[in-house]
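Examination of the molecular architecture
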Amino acid sequence: MPNPPFLLSDEVADALEAGRPVVALESTIISHGLPRPRNLEAAGEFEAILRDAGVVPATVAVLDGVPRVGLDGTGVERIANEDMAKASIRDLPVLAARGASAATTVAATTHLAALAGVRVFATGGLGGVHRGASATFDESADLVALAEHPVAVVSAGVKSVLDIGATLERLETLSVPVVGYGTTAFPSFWLPTSGFDLDWRVDGPEEVAAILRAQDAAPEDGRPRPGLVVANPVPEAEGWDRAEHDRVLAEAFAAAEAANVRGKAVTPFLLSFIVTASGGTSLEVNLALARNNVRVAAAIATAYAAAR
Ligand code: PSU
Ligand code: MN
């Protein structure tokens, strides 16, 4: 990969060196996915959940041109409060050349986590194939990144604003394994189901760790090693009311259409519209599912580290 060198925080470097559990966290959810000031609170909370579980958090972002795996308090504050770009893998060399800062998407975070040797990553929702993608070609680089980097991403599936069926088909084409955590129903971010079913259900972190070890044991064949999608539904009691969800989403689509939003602006636009139109309910659900993903990622990283 022709991308610039990156910096590991001392804490992350020490943990990796000693084989202690580490979980990567993305920063676009903080900079573009959640409103201020809840975003800074959430970033601190995700890190605290990991630390309480004995896991070292590795929040990923680009600061002043340098990709970083593991941020200090000032770094976390910068991604929450500065107006930063949203960076995918292809943006890394441009940011390096300019000394610019950016939050990293799932794609860029996966790439940097893989370079650092971090095997487990927690996020809210994955990017995927957008509705209408057969005309717009709008498919998140997250999918290809997962095909090319050995990182397990714990997410609550993909947002119902995407074409979920097409996203699952693309993951199949790209040979990215997808497992449901305690379920065979693929979740749709704010809702625990999506109407799409998965082939594989796992129950508990040890089962996921065993899959990661099986991936690690695969013979080297010169091709990139894939990651793993761990689809972890929001707990039923913390999910969003389906009728309300459907109503707000329809409004959000109409608004995006009217505002002619395109490309990488689509996800942040819809998320922020939906927070306002739901009177803040979608935000609480978003935070609940993200916390849940961080907890599950902590357990997986712990089981994986213990077995090595
Ligand atoms: N899903 C969310 N919140 C987010 C994102 C996804 O619920 O903030 C972010 C992630 O960083 C993801 C990115 O990688 O949006 C996908 O953007 P795009 O569709 O432009 O690839
Ligand atoms: Mn896109």
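Here we take up the overall build of the protein. Summing up its helical and strand segments, the protein has 13 helices and 11 strands in all. Scaling as 2.2 N^0.38, a compact globule of 308 residues should have a C-alpha radius of gyration of about 19 Å, and the protein matches this with 18 Å. Reported as C-alpha extents along the three principal axes, the dimensions of the protein are approximately 50 × 45 × 40 Å. Here the protein holds 308 residues, and 56% of them are scored as buried. Sequence-distant contacts, at least 24 apart, represent 73% of the contacts inside the protein between residues at least 6 apart.

One broad trend across soluble globular proteins is that nonpolar side chains are buried collectively. Core analysis: the largest hydrophobic core is formed by 56 residues, its most contacted members being Val69, Phe186, Trp190, Trp240 and Ile274. Both domains that meet at this core, namely domain 1 (1-118) and domain 2 (126-308), each give it at least three residues. Non-local contacts of Trp240, meaning those with residues more than four positions away in its chain, are made with Trp190, Leu191, His245, Val248, Leu249, Ile274, Ser278, Thr281, Ser282 and Val285. Listed in part, the 42 residues of the second largest apolar core include Ile29, Val76, Val208 and Val294.

Next up on the list: empty space enclosed by the protein. According to the stated counting rule, one finds 1 cavity of 30 Å³ or more in the structure shown. Here the largest cavity is characterised by a volume of approximately 80 Å³. Around the largest cavity, the lining comprises 13 residues; the ones closest to its centre are Leu25, Glu26, Ile29, Ile30 and Phe46. Of all elements in the fold, only helix 2 (28-33), helix 3 (38-52) and helix 13 (281-306) reach the threshold of two or more residues within the lining of the largest cavity. In terms of residue count, helix 3 provides more of the lining of the largest cavity than any other element does, 3 residues in total. Taken together, the residues of the lining of the largest cavity break down into 8 nonpolar, 3 polar and 2 charged.

What the rule picks out here adds up to 15 salt bridges. Notably, a salt bridge pairs Asp221 with Arg223, separated by 3.0 Å at the nearest N-O pair. The class of Asp221 is partly exposed, set by a relative accessible area of 46%. Judged by its relative accessible area of 58%, Arg223 is exposed. The partner of Glu244 in a salt bridge is Arg247, with the nearest N and O atoms 3.0 Å apart. Of the two residues, Glu244 and Arg247 are both situated in helix 11 (residues 242-258); the distance of 3 residues between them amounts to about one turn of the helix.

For the bond running from Arg36 to Pro37, omega is 0 degrees, close enough to zero to count as cis. You can see Pro37 is positioned in the loop between helix 2 and helix 3. With a phi close to 50 degrees, Asp64 is a non-glycine residue in the positive phi region. With respect to the secondary-structure elements, Asp64 resides in the loop between strand 3 (56-63) and strand 4 (66-69). Residue Asp64 is classed as partly exposed on the basis of its relative accessible area, which comes to 45%. For Phe189, which is not glycine, the phi dihedral falls at a positive 70 degrees. Inspection of the secondary structure assignment puts Phe189 in the loop between strand 9 (178-181) and strand 10 (200-202).

Under the domain assignment used here, the protein contains domain 1 (1-118) and domain 2 (126-308). Using C-alpha coordinates to define each centre, domain 1 is positioned 19 Å away from domain 2. Taken together, the 32 residues of domain 1 in the interface contact 27 residues of domain 2. Carbon and sulfur atoms supply 71% of the area buried between domain 1 and domain 2, which totals about 2,300 Å² over both sides. Contact with domain 2 buries surface across domain 1, with Arg38, Lys86 and Thr110 losing the most and accounting together for 22% of the total. Connecting domain 1 to domain 2 are 2 salt bridges. Of the charged contacts, one joins Arg291 and Glu45 as a salt bridge, the two residues approaching to 2.5 Å between their closest N and O atoms.

What counts as what
Residues numbered from 1 in each chain as written. Chains lettered and ligands numbered in written order. Predicted model: local features only at pLDDT ≥ 70, side-chain atom pairs only at ≥ 80, totals over all residues. Heavy atoms only, no water. Helix = DSSP H or I, 4+ residues; strand = E, 2+ residues; numbered from the N terminus. Rg over C-alpha atoms; globule rule 2.2 N^0.38 Å. Buried < 20%, exposed > 50% of the residue type's maximum accessible area, 1.4 Å probe, protein only. Contact = heavy atoms within 4.5 Å. Core = buried A, V, L, I, M, F, W, Y, C linked by side-chain atoms within 4.5 Å. Domains from an automatic or database assignment. 1 Å grid on protein atoms, 1.4 Å probe; cavity = no way out; pocket = protein on both sides within 12 Å on 5 of 7 lines; lining within 4 Å. Points joined across faces, edges and corners; volume = space filled by probe spheres on them. Nonpolar A, V, L, I, M, F, W, Y, C, P; charged D, E, K, R; others polar. Salt bridge = Lys/Arg side-chain N within 4 Å of Asp/Glu carboxyl O. Buried area = accessible area lost by both parts, 1.4 Å probe.

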